[in-house]
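# Structural overview for review
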Amino acid sequence: MCNKWRQRGISRVPIVHEVLLRSNPGKVSILGDGSVAVEVGGIELGQGLWTKVKQMTAFSLSAIKCDGMGDFLDKIRIIQANTLSLIQEGLTAGSTTSECSCEAVRICCNILVERLTRIKENLQEQMGSVEWGILILEGWR
């Protein structure tokens, strides 16, 4: 027997939640030994921010397609930014920190890929295949 006060049924209420992407600082540095240092303004709070940023960096820089890149994730390290190196992001909330940080890193990497691709094409004409370490040393010149 049903209780007369017990309500049964299914309800669907549409909710619109607007997510605004905000500007986020990011810096990608390729060092002379071929390793990559990445700084983002977001704070790692257990949401996997640094893992996502590291994966985005590896994915974006792999567009260069050099020999000898191997396990590229091992060459990337994430550095917690401070006010001496980057401006502060603002807030780490609203489930947008990862997306904004990854987008900042992707833009930085695209600029580096564009610059390094020209150097790689010149080296390929001279040498044939180009390794990552040689490309970076040539880029430092």
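Our subject is the structure listed above.
I will try to describe carefully the structure that is included in this document. Predicted model, so just to flag it, every value in this text is computed and none were measured. (Residues numbered from 1 in each chain as written. Predicted model: local features only at pLDDT ≥ 70, side-chain atom pairs only at ≥ 80, totals over all residues. Heavy atoms only, no water.)

### Observations concerning the pairing of strand E3 (residues 76-80)
Direction of pairing for strand E2 (residues 36-40) relative to E3: parallel, over a ladder of 5 bridges. Across the sheet, residue Val38 finds its bridge partner in E3, namely Ile78. With helix H1 (residues 49-61) bridging E2 and its parallel neighbour E3, the resulting β-α-β unit is right-handed. (Pairing = 2+ DSSP bridges. Helix = DSSP H or I, 4+ residues; strand = E, 2+ residues; numbered from the N terminus. Right-handed = clockwise from strand over helix to strand, strands pointing away.)

### Observations regarding helix H2 (residues 97-127)
Its 31 residues place the ends of H2 42 Å apart at the C-alpha level, agreeing with the 45 Å of an ideal helix rising 1.5 Å per residue. Note on H2: the residue one or two positions beyond its end, Gly128, has a positive phi of about 95°. (Expected span 1.5 Å × (residues − 1).)

### Quick notes on the packing of H2 against helix H3 (residues 132-140)
In a pair of packed helices, the angle between the axes and the distance between the axes together describe the arrangement. Two elements in contact, H2 and H3, have axes whose closest approach is 10 Å; the angle formed by their N-to-C orientations is 115°. By the criterion of interaxial angle, the relationship of H2 to H3 is roughly perpendicular. The element H2 and its partner H3 pack so that their crossing is right-handed. For the pair formed by H2 and H3, the contact residues are Leu116, Ile119, Lys120, Leu123 and Met127 on the first element and Ile134, Leu135, Ile136, Glu138 and Gly139 on the second. The class makeup of the residues in the contact of H2 with H3 is 7 nonpolar, 1 polar and 2 charged. (Axes fitted to C-alpha atoms, helices over the stretch in contact; angles between N-to-C directions. Parallel < 35°, antiparallel > 145°, perpendicular 65-115°, else oblique. Left-handed = near helix turned anticlockwise from the far one by under 90°. Contact = heavy atoms within 4.5 Å. Nonpolar A, V, L, I, M, F, W, Y, C, P; charged D, E, K, R; others polar.)

### With respect to the pattern of salt bridges
The final tally for this structure, using the stated rule, is 2 salt bridges. Across the salt bridge formed by Lys27 and Glu39, the nearest N and O atoms sit 3.3 Å from each other. Of this pair, Lys27 sits in strand E1 (residues 26-30) while Glu39 sits in strand E2, and the two are 12 residues apart along the sequence. With a relative accessible area of 32%, Lys27 lands in the partly exposed category. Among the salt bridges present, the one from Glu103 reaches Arg106, with a minimum N-O distance of 2.6 Å. (Salt bridge = Lys/Arg side-chain N within 4 Å of Asp/Glu carboxyl O. Buried < 20%, exposed > 50% of the residue type's maximum accessible area, 1.4 Å probe, protein only.)

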